[in-house]
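Single-letter residue listing:
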There are 2 protein chains.
Amino acid sequence: MTNELEDAADDRELLSDRIRNALADEIATGRLEAGAALDEQHLADRFGASRTPVREALRQLAVSGLVEVRPRRGVVVARMTPERIMEMFETVAEIEALCVRLATYRMTPLERSHLIELHDASEAIVRKGDFDAYDAFNRAFHEAIYRATHNSFLAEQAIAIHSRLTAFRRAQLRQHERLDRSRAEHEAIMQAIAEGDGELASRRMRAHMLNAATALRRFIEASKPV
Amino acid sequence: MTNELEDAADDRELLSDRIRNALADEIATGRLEAGAALDEQHLADRFGASRTPVREALRQLAVSGLVEVRPRRGVVVARMTPERIMEMFETVAEIEALCVRLATYRMTPLERSHLIELHDASEAIVRKGDFDAYDAFNRAFHEAIYRATHNSFLAEQAIAIHSRLTAFRRAQLRQHERLDRSRAEHEAIMQAIAEGDGELASRRMRAHMLNAATALRRFIEASKPV
DNA sequence: CTACGACATCTTGCATGCAAAAATGTCATC
DNA sequence: GATGACATTTTTGCATGCAAGATGTCGTAG
């Protein structure tokens, strides 16, 4: 009778939602790798549920693009081409750029000081070379910017798209010098924000994100010697 | 045994997908109005299906934000506050602005001439005051720009967000002078594209979208004398 | 007349059942 | 050894069943 979700958080939360969240997390973190088949019965057994909530979860994941449904032929973790990944990175870069521009003009002093705090704390993380901690910080940093746009719809969209790249970003950030550069780029963005120059912050953010993408591309090409 | 989907397109398409598409269309066009309850059994009867595919469709619509699921209390068509609508408009405006900037720099001559053709044809539509035709043209115009970014992921996101505003845009465009102004704004955007000035095209597109939003806001405030 | 609560009804959430399509395996033929 | 027809197994797509939670009604107490 034991299953992974048995003592999960809230009993009022729907089973299908918990399964969806669990799978989304596994896909985002890369524990479920691209192309992996998601057998309904197998997942149902794994989560101690029936196929119905599993199916609902899979259909929902398909809408957010994390899995691919091939009618009557099963569901697989979304398999993305390098081109598509680069497209996603460019999109995220542009959205981050526009978020930071709006945020620069709209953030409250409180939001600004919170962002500075976050950024300052990241120095210690970089020094320790703690990839997981930097990952968490990075997410917090970018989400703080999204929220500072004072446009919650935009923030939601940004978070959704950003999170779809999590799996790739993790791989890419596991390089020490990239961690260093990432923080330096954040520093430059912070400066532009401090000066109230949204356009400059925007350009720097775009460059920051595209640098990350380029680092990733190199990483992919290096590890896949076709 | 008659139901609305009986002679629908492709027999290989999943029932749940057809139901989802049908509902998405009804919500986008406003035939199903915000706040309307979506009873599973009722919809199942309406589509000549059982509750299972209906439930799958509803859950998927919830992910794309068209409906709201209140656990154990049913599903309703997403009810949006004026603030949220304005947020959505701003988001769309910014995304359109970035799309047209990228498109200006990347579109092929073929894409450019296609866009010009579309724009030219819209003059007759405005003269006739054919709202539905202009609606269709407008969609085609904007989607042509999305595609011209040569970033299909971005284009998909843009289409998804744009379509969520369809219901509101329709209401807003049913004013003759707005139709006229809309075309004039397109004209200005086309000019910037022709000059290869992506930044200018971007600013004009943002203004164009925000004008539409402002027109809508007036419309809403006028029709809701609280 | 309002507030409260027991009861009845309706709806949802999930499990299970079943038919059809797809995948897989078997075996004969070339 | 490769190929293809056919049987078997597996898996999906959808229908149905049932229990628990939500909602509505009505009677009674205050």
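Just so it is clear, the structure is predicted and the values come from calculations on it, not from any experiment.

What counts, and where the lines are drawn
- Residues numbered from 1 in each chain as written.
- Chains lettered and ligands numbered in written order.
- Predicted model: local features only at pLDDT ≥ 70, side-chain atom pairs only at ≥ 80, totals over all residues.
- Heavy atoms only, no water.
- Core = buried A, V, L, I, M, F, W, Y, C linked by side-chain atoms within 4.5 Å.
- Buried < 20%, exposed > 50% of the residue type's maximum accessible area, 1.4 Å probe, protein only.
- Helix = DSSP H or I, 4+ residues; strand = E, 2+ residues; numbered from the N terminus.
- Contact = heavy atoms within 4.5 Å.
- Near = heavy atom within 4 Å.
- Polar contact = N/O pair within 3.5 Å; in protein donor to acceptor, adjacent residues only side chain to side chain.
- Nonpolar A, V, L, I, M, F, W, Y, C, P; charged D, E, K, R; others polar.
- Pairing = 2+ DSSP bridges.
- Expected span 1.5 Å × (residues − 1).
- Least-squares fit on C-alpha atoms with pLDDT ≥ 70 in both.
- Buried area = accessible area lost by both parts, 1.4 Å probe.
- Salt bridge = Lys/Arg side-chain N within 4 Å of Asp/Glu carboxyl O.
- Phe/Tyr/Trp six-rings, centres within 6.5 Å; stacked < 30°, edge-to-face > 60°.
- Lys NZ or Arg CZ within 6 Å of the ring centre and 35° of its normal.
- Domains from an automatic or database assignment.

Caption draft 1: Here's a closer look at the nonpolar core. Counting 82 residues, the largest nonpolar core has Leu115 and Ile145 of chain A together with Leu115 and Ile145 of chain B as its most contacted members. In terms of residue count, helix α4 (residues 82-106) of chain B provides more of this core than any other element does, twelve residues in total. If we ignore the near neighbours within four places in the chain, the residues touching Ile145 of chain B are Cys99, Val100, Ala103, Leu115 and Met205 of chain B.

Caption draft 2: Molecular detail of the protein's contact with DNA strand C. Residues in close proximity to DNA strand C total 19 residues, the closest being Leu15, Ser50 and Arg73 of chain A together with Arg12 and Arg59 of chain B. Contact between DNA strand C and Arg51 of chain B: a base nitrogen at 2.9 Å from a side-chain N or O atom of the residue. Arg59 of chain B places a side-chain nitrogen or oxygen 2.4 Å from a phosphate oxygen of DNA strand C. Contributions of two or more residues to the surface near DNA strand C are made by α1 (15-29) and α3 (51-63) of chain A together with α3 (51-63) of chain B. Split by residue class, the surface near DNA strand C holds five nonpolar, four polar and ten charged.

Caption draft 3: Quick peek at the sheet that holds strand β3 (residues 75-77) of chain B. Residue and element names in this part refer to chain B. Spatial ordering of the open sheet is given by β1-β3-β2, a layout of three strands whose pairing is antiparallel. With one partner strand each, in any of the chains shown, β1 (37-38) and β2 (67-69) form the two edges of the open sheet. Where β1 and β3 come together, two bridges link them in antiparallel fashion. Across the sheet, residue Ala37 finds its bridge partner in β3, namely Val76.

Caption draft 4: α3 of chain B, seen in detail. Residues and elements named next belong to chain B. The end-to-end C-alpha distance of α3, which contains 13 residues, comes to 19 Å, matching closely the 18 Å that a straight helix rising 1.5 Å per residue would cover. Listed in full, the buried residues belonging to α3 are Pro53, Val54, Glu56, Ala57, Leu58, Arg59, Gln60 and Leu61. Once α3 finishes, Gly65 follows within two positions and takes phi at roughly 85°, a positive value.

Caption draft 5: Fine view of the sheet that holds strand β3 (residues 75-77) of chain A. All names here are of chain A. Ordered in space as β1-β3-β2, the three strands form an open sheet in which the pairing is antiparallel. In the strand order of this sheet, the two ends are held by β1 (37-38) and β2 (67-69), each with one partner. Two elements, β2 and β3, share three bridges in a ladder whose sense is antiparallel. Bridging across to β3, Glu68 finds its partner in Val76.

Caption draft 6: Just the relation of the copies chain B and chain A, in detail. When chain B is fitted to chain A, the residual RMSD is 0.1 Å, and the transformation amounts to a turn of 180° plus an axial shift of 0.0 Å. One copy is carried onto the other by what is essentially a two-fold rotation axis.

Caption draft 7: Here's a closer look at the environment of Pro82 of chain B. Residue and element names in this part refer to chain B. With respect to the secondary-structure elements, Pro82 resides in helix α4. Residue classification places Pro82 among the partly exposed residues on the basis of a relative accessible area of 39%. Residues Pro82 and Tyr146, spaced 64 residues apart in sequence, show a C-alpha to C-alpha distance of 26 Å.

Caption draft 8: Representation of the interface of chain B and chain A within the structure. Across the contact, 33 residues belong to chain B and 33 residues belong to chain A. Between chain B and chain A the total buried area reaches about 3,100 Å² when both faces are included, carbon and sulfur atoms providing 51% of it. A per-residue breakdown of the area chain B buries against chain A is headed by Glu56, Arg59 and Phe153 of chain B, which together make up 19% of the total. The interface formed by chain B and chain A holds eight salt bridges in total. Between Glu94 of chain B and Arg101 of chain A there is a salt bridge, with its nearest N and O atoms 2.8 Å apart. Taken together, the links from chain B to chain A amount to 18 residue pairs in polar contact (both at pLDDT 80 or more). Elements with a minimum of two residues in the side of chain B that touches chain A: α3, α4 and α7 (152-164) of chain B.

Caption draft 9: Local environment of the packing of aromatic side chains. All names here are of chain A. Summed over all chains, the structure comprises four aromatic pairs over all chains. Ring centres of Phe137 and Phe141 lie 5.6 Å apart, and the angle between their planes is 45°; this geometry places the pair in the tilted category. Residue Phe137 and its partner Phe141 are both found in helix α6 (residues 131-148); the two are separated by four residues, about one turn of the helix. Phe137 gets classed as buried once you look at its relative accessible area, which sits at 5%. Clustering of aromatic rings is evident, with ring pairs tying together Tyr134, Phe137 and Phe141. One cation-aromatic arrangement involves Arg46 over Phe47; the distance from NZ or CZ to the ring centre is 4.8 Å.

Caption draft 10: Just the environment of Val67 of chain B, in detail. If you trace the backbone, Val67 of chain B turns up in strand β2. Judged by relative accessible area, which is 5%, Val67 of chain B ranks as buried.

Caption draft 11: Spatial organisation of the protein's contact with DNA strand D. By nearness alone, 19 residues border DNA strand D, and Arg12, Arg59 and Arg72 of chain A together with Leu15 and Ser50 of chain B come closest of all. Between DNA strand D and Arg51 of chain A, the relevant distance is 2.9 Å, taken from a base nitrogen to a side-chain nitrogen or oxygen of the residue. Thr52 of chain B is positioned such that a nitrogen or oxygen atom in its side chain is 2.9 Å from a base nitrogen of DNA strand D. Every element with two or more residues in the surface near DNA strand D is listed here: α3 of chain A together with α1 (15-28) and α3 of chain B. When its residues are assigned to classes, the surface near DNA strand D shows five nonpolar, four polar and ten charged.

Caption draft 12: Broad picture of the pattern of salt bridges. Applying the stated criterion across every chain, the model contains 29 salt bridges over all chains. If you follow the salt bridges from partner to partner, you end up with Glu40, Arg51 and Arg55 of chain A together with Glu56 of chain B in one network.

Caption draft 13: Broad picture of the domain arrangement of chain A. Residue and element names in this part refer to chain A. Once the domains are mapped, chain A shows domain 1 (15-77) and domain 2 (82-223). At the interface, seven residues of domain 1 touch five residues of domain 2. Regarding the contact of domain 1 and domain 2, the summed buried area is about 340 Å², with carbon and sulfur atoms giving 55% of it. The largest per-residue losses of area from domain 1 upon contact with domain 2 belong to Ala28, Thr29 and Ser64, which jointly make up 68% of the total buried on that side. Taken together, domain 1 and domain 2 are joined by one residue pair in polar contact (both at pLDDT 80 or more). A per-class count over the side of domain 1 that touches domain 2 returns three nonpolar, four polar and no charged.

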